[in-house]
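# Coordinate analysis (summary)
Each chain is listed here by its residues.
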Amino acid sequence: MQRPVTRIAPQGEVQDYQTYQITRRRDTIVRAVCEQVACQAWRNGWDSVIDERTELGKAQAAYIRSESRRTFRETRTGEGLTVFRFESGQRCFADHQTVPELYLVRDGDWRGNPTGRKRTHSRAADWVEDFGENQLRLVENQRKG
């Protein structure tokens, strides 16, 4: 079931608006991601210390043992924690966001883009600058009435 969307009724026409959006496609690369970003866990291996006395810890340990498809050694600490030692050269559990973000600006709002004009900034800093300049224009126009 999809949640209903509640929106504030716009005061102007759709052509009076600009939409700023940051998005990124899903990371679908499976094996090479850690190597591509020079991940320290991939390079050196890593330890995951899990407290199996908690429900979360039990679920994490079960996942590592049966579904993670990673090579590890399992030991216990004096405090009763489980330590999974992962060998180097395998993907860690982090999402390294190897797929770049897209910094989009388009005319209009949720009702549509009447001009069809849109652009993509190549750098986050450019998108932020554009957004800031647009905010300043809005404030200036509001002052003018």
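Residues numbered from 1 in each chain as written. Predicted model: local features only at pLDDT ≥ 70, side-chain atom pairs only at ≥ 80, totals over all residues. Heavy atoms only, no water.

## With respect to the overall build of the protein
Counting its regular elements, the protein contains four helices and six strands. Computed over C-alpha atoms, the radius of gyration of the protein comes to 24 Å, more than 25% over the 15 Å expected from 2.2 N^0.38 for 145 residues, which places it beyond the range of a compact globule. C-alpha atoms of the protein, sized along the principal axes, occupy 70 × 35 × 30 Å. For the protein, with 145 residues in total, the buried portion stands at 25%. Put simply, of all contacts in the protein between residues at least 6 apart along the chain, 62% involve residues at least 24 apart. Accessible surface, the protein: about 11000 Å² in total, of which carbon and sulfur atoms supply 49%. Treating the 25 positive side-chain charges of the protein as one cloud and the 21 negative ones as another, the clouds have centres 3 Å apart. (Helix = DSSP H or I, 4+ residues; strand = E, 2+ residues; numbered from the N terminus. Rg over C-alpha atoms; globule rule 2.2 N^0.38 Å. Buried < 20%, exposed > 50% of the residue type's maximum accessible area, 1.4 Å probe, protein only. Contact = heavy atoms within 4.5 Å. Areas by Shrake-Rupley, 256 points an atom, 1.4 Å probe, with all protein chains shown as cover. Lys, Arg positive; Asp, Glu negative; His and termini not counted. Charge placed at Lys NZ, Arg CZ, Asp CG, Glu CD.)

## Here we look at unusual backbone geometry
Residues other than glycine predominantly adopt negative phi, and peptide bonds predominantly adopt the trans conformation. One non-glycine residue, Ala38, lies in the positive phi region at around 55°. By relative accessible area, Ala38 is classed as partly exposed at 34%. You will see that Arg69, though not glycine, has its phi angle at about 55°, which is positive. The residue Arg69 is located in the loop between helix H3 (55-66) and strand S3 (72-76) in this model. According to the relative accessible area criterion, Arg69 is exposed, its value standing at 83%.

## What to know about the sheet that holds strand S4 (residues 82-86)
The strand order S2-S4-S3 describes an open sheet built from three strands, whose pairing is antiparallel. In this open sheet, the two edge strands, each paired with only one partner strand, are strand S2 (46-50) and S3. Put simply, the sheet's adjacent strands are angled 20° from each other on average, direction ignored. By the bridge criterion, five bridges tie S2 to S4 in an arrangement that is antiparallel. When the sheet's bridge partners are listed, Trp46 is paired in S4 with Phe86. Relative to the sheet, H3 contacts S2, S3 and S4, its axis offset from that of S4 by approximately 35°. (Pairing = 2+ DSSP bridges. Axes fitted to C-alpha atoms, helices over the stretch in contact; angles between N-to-C directions.)

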